[in-house]
Amino acid sequence: MKGKADAVLRLADPLAGMLNAETVDLAMKHRLPTMLRSRLDVEAGGLMSYFPDPRDYYRQAASHVDKILKGAKPGDLPIEQPTRLELVINLKTAKALGLTIPSSLLGRADEVIQ
């Protein structure tokens, strides 16, 4: 094989979201670190995620729904970016892959799974 992957980066995708366990299992089988899309993926054995906090999505959506129900035109509402990103690291997975996560990165994590 000419080119071999060194890691897996899986972005938000509805189809890929249905394959959480399969993605993690396959990556671990091939000893590939994974950067996945959510805390749940990391809890399932992925190495880390750095994505918007889904609770912020729901708050922003609720705010928009409230404005629309009060008469605002959806096209007049501003487009909003997520304001908070969440870094979650799974140390158990790092250890299984033989990786050492720098303490500077661990210190920035919102959650470290032991």
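Please read all numbers here as calculations on a predicted model, not as lab measurements.

**Focus: the pairing of strand E3 (residues 48-52)**
The element E3 is largely enclosed, with a buried count of 4 among its 5 residues. As paired elements, E3 and strand E4 (residues 85-90) share 5 bridges and run antiparallel to each other. Opposite Tyr50, over in E4, you have Leu87 as the bridge partner.

**Examining the layout of surface pockets**
Taken as a whole, the largest pocket spans an internal volume of roughly 330 Å³. Of all the secondary structure elements, the ones that give two or more residues to the lining of the largest pocket are helix H3 (39-43), E3 and helix H4 (54-69). Class assignment for the residues of the lining of the largest pocket results in 6 nonpolar, 3 polar and 5 charged.

**Some words on the nonpolar core**
Soluble globular proteins tend to pack their nonpolar side chains together in the buried interior. Ranked by size, the top nonpolar core spans 7 residues in total: Leu47, Met48, Leu87, Ile89, Ala94, Ile101 and Ala109. The contacts of Ile89, once residues within four sequence positions are left out, are Val42, Leu47, Met48, Ile101, Leu105, Leu106, Ala109, Glu111, Val112 and Ile113.

Conventions and cut-offs
- Residues numbered from 1 in each chain as written.
- Predicted model: local features only at pLDDT ≥ 70, side-chain atom pairs only at ≥ 80, totals over all residues.
- Heavy atoms only, no water.
- Buried < 20%, exposed > 50% of the residue type's maximum accessible area, 1.4 Å probe, protein only.
- Helix = DSSP H or I, 4+ residues; strand = E, 2+ residues; numbered from the N terminus.
- Pairing = 2+ DSSP bridges.
- 1 Å grid on protein atoms, 1.4 Å probe; cavity = no way out; pocket = protein on both sides within 12 Å on 5 of 7 lines; lining within 4 Å.
- Points joined across faces, edges and corners; volume = space filled by probe spheres on them.
- Nonpolar A, V, L, I, M, F, W, Y, C, P; charged D, E, K, R; others polar.
- Core = buried A, V, L, I, M, F, W, Y, C linked by side-chain atoms within 4.5 Å.
- Contact = heavy atoms within 4.5 Å.

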